[in-house]
Amino acid sequence: MNHRSDIDRVMQVWMADGPTAIPDRVVDVIAARIGVQRQRRAWPFPRRTIMTRFKLAAGLAAAIVVAVVAWQLLPGMGGVGGQPTPIPSPTAIPTSTPAATGPVALPNGILSAGSYRVQPVSDPATLSVTMDVPAGWVGYPANVALASPGSSNEGIVIGFLKADGLFSDPCQWDMDGTGAYDQPGDVEIGPTVDDLVAALQANSSYTSSTPSSVTFGEFQGSELELQLPGDDVLSTCDREPGGEPKGLFYVFSGKEAGWYAQGPDNRFRLTIVDVDGTRLIVMINYFEASPQADLEAARAIVESFEFTP
Amino acid sequence: MDRDLVVAAQRGDQAAFVDLVRFRGGRFFAIAHRILRDVDRAEDALQEALVIAWRDLPSLRDPDRFDAWVHRLLTNVCIAEAGRERKRISNLYVLPVDDPAAPDEFLGIADRDQLDRGFQRLKPDERAILVLRHFVGYEPTEIAELLGISAGTIRSRLHHAHRAMRAALEADARAAVVGGTSR
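Cut-off values and rules
Residues numbered from 1 in each chain as written. Chains lettered and ligands numbered in written order. Predicted model: local features only at pLDDT ≥ 70, side-chain atom pairs only at ≥ 80, totals over all residues. Heavy atoms only, no water. Pairing = 2+ DSSP bridges. Helix = DSSP H or I, 4+ residues; strand = E, 2+ residues; numbered from the N terminus. Expected span 1.5 Å × (residues − 1). Contact = heavy atoms within 4.5 Å. Disulfide = S-S within 2.5 Å. Buried < 20%, exposed > 50% of the residue type's maximum accessible area, 1.4 Å probe, protein only. Axes fitted to C-alpha atoms, helices over the stretch in contact; angles between N-to-C directions. Parallel < 35°, antiparallel > 145°, perpendicular 65-115°, else oblique. Left-handed = near helix turned anticlockwise from the far one by under 90°. Nonpolar A, V, L, I, M, F, W, Y, C, P; charged D, E, K, R; others polar.

Colleague: Go over the sheet that holds strand S3 (residues 114–118) of chain A, please, and point to the residues and values.
Modeller: Residue and element names in this part refer to chain A. Ordered in space as S1-S3-S4-S16, the four strands form an open sheet in which the pairing is mixed. The open sheet has two edge strands with one neighbour each: strand S1 (104–105) and strand S16 (306–308). Examined bridge by bridge, S1 and S3 share two bridges and lie parallel to one another. Paired with Ala105 across the strands is Arg117, a residue of S3.

Colleague: Go over helix H7 (residues 292–303) of chain A with me, naming the residues and quoting the values.
Modeller: Structurally, the α-helix is built with 3.6 residues per turn, so residues lying three or four positions apart point the same way. Counted at 1.5 Å a residue, the expected span for H7 of chain A with its 12 residues is 16 Å, and the 16 Å between its end C-alpha atoms agrees. The elements touched by buried residues of H7 of chain A are strand S4 (128–133), strand S7 (157–161), strand S11 (212–216), strand S14 (267–275) and strand S15 (278–286) of chain A.

Colleague: Explain the state of the cysteines residue by residue, including any values.
Modeller: All names here are of chain A. Tallied over the full model, the rule gives one disulfide over all chains. Each sulfur in the disulfide pair Cys171 and Cys237 lies 2.0 Å from the other. Judged by the sign of its S-S torsion, about -110°, the cystine formed by Cys171 and Cys237 is left-handed. Separated by 66 residues along the polypeptide, Cys171 in the loop between strand S8 (165–166) and strand S9 (187–188) and Cys237 in the loop between helix H6 (231–234) and strand S13 (252–253) bring together distant segments of the chain. For the residue pair Cys171 and Cys237, the accessibility class agrees, reading buried in each case.

Colleague: Hey, could you go over the packing of helix H2 (residues 14–36) of chain B against helix H6 (residues 124–136) of chain B for me, with residue numbers and the actual values?
Modeller: Residues and elements named next belong to chain B. The contact between H2 and H6 brings their axes to 9 Å, and the two run at 135°. When the axes of H2 and H6 are compared, the pair comes out oblique. Crossing of H2 over H6 shows right-handed handedness. In contact with Arg27, Ala30, Ile31, Arg34, Ile35 and Leu36 of H2, H6 contributes Arg127, Ala128, Val131, Phe135 and Val136. Along the lines of polarity and charge, the residues of the contact of H2 with H6 split into eight nonpolar, no polar and three charged.

Geometric descriptors of this kind do not, in isolation, establish any biological role.
This is the structure:
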């Protein structure tokens with residue numbers, strides 16, 4: 001009976017017995033199913049972290065919850081033997097959120113129709129944007145971004161940037177060889193909206209549309225669109241060490257400008273606004289095949305923006 | 001070779017993904033079958049996991065981690081599948097078996113039957129952990145990383161599962177002894 005106490009060997013021998021080849025009919029079914037199953041776009045969100053006032057408040061609240069729970073679990077504090085206090089865990093998968101009745105901080109997950117608020121940059125942290133969002137869009141507060149429903153390969157993302165400069169060759173952005181995303185670009189730009197627009201138009205690595213003026217209340221800006229290159233160019237671009245297997249194409253430089261091309265033939269529809277001295281870039285990131293209805297919804301979201309310096 | 005297929009599939013190449021399924025699917029199916037002990041359910045789980053894998057493949061950052069990534073998806077699908085109450089249907093398919101079963105000198109038919117019964121009594125996640133440990137060959141720390149559970153919890157569940165399987169075998173032995181003395 002000694003062999004029966006060797007449970008490791010028992011399990012190995014027992015599990016060795018059984019099918020080890022995939023039946024052809026299963027392969028056929030899988031081939032048919034992926035033929036009608038779109039791949040989800042993996043949004044390579046900007047490589048940056050913004051510690052906003054909301055995040056700080058959330059972190060503080062979480063710390064208080066943990067402290068309270070720990071206190072209650074101390075002997076003599078009524079916690080031992082009592083009902084455990086649930087600690088909320090972070091949500092990894094977007095989930096539905098309750099209907100928003102007033103401007104609320106952008107939550108993680110699928111959004112109900114309502115008014116949401118974000119703090120798009122860390123400096124100044126007081127700058128906030130309020131927007132009206134239709135149901136079904138997906139909030140990514142950690143990236144200060146919203147994605148269109150479904151997030152397929154033709155999905156649309158609305159994001160925010162603040163650029164210090166540009167890369168003259170957005171494909172060869174890793175100028176110091178470290179792979180760091182926040183390297184200074186080699187094109188310095190002046191402080192105004194017009195300075196940035198002129199620099200974008202002067203770059204031949206992408207094509208840009210004719211800019212037009214926009215107004216958000218008391219704040220003025222410009223709109224233009226960039227058509228980024230295809231896979232033939234992206235495949236030759238500098239890569240993030242240990243990260244995306246594909247090359248990255250960075251237009252803007254700076255610590256809060258880490259958006260790169262989200263795929264071949266990506267389009268950046270840019271709204272650049274001077275919000276009381278802060279040059280904020282709003283990006284609608286989309287593709288030629290993006291659903292027109294989603295693109296119109298994205299434009300409507302941006303048009304609803306109300307900026308608070 | 002497989003890495004190229006993964007990268008191509010990440011870019012939407014369906015034929016590359018089907019090739020991956022052909023090349024790697026046998027191992028995945030074997031894992032699903034060991035966890036679920038049922039051909040129909042293993043096929044369903046494998047289909048589900050691989051369609052999810054196709055859908056989410058662009059999010060896989062390191063193509064060299066494809067196998068481990070699919071193991072995670074597949075294990076989670078199998079655990080969910082095992083947790084469902086489903087009418088069991090007899091399997092009438094002729095299964096392709098690459099290697100014949102090991103000679104039964106080490107484990108007799110009765111032993112295997114007892115192991116089957118003991119295994120079916122385990123919780124789905126304990127079954128999965130046993131398979132990942134003894135069939136796939138993952139260390140407890142790797143299983144922990146795969147399933148997003150602490151290594152201590154994995155070791156604890158592994159210990160419980162081992163004890164249950166050992167008890168199943170010993171029950172078989174006791175039954176044989178009792179049967180022998182009663183004659």
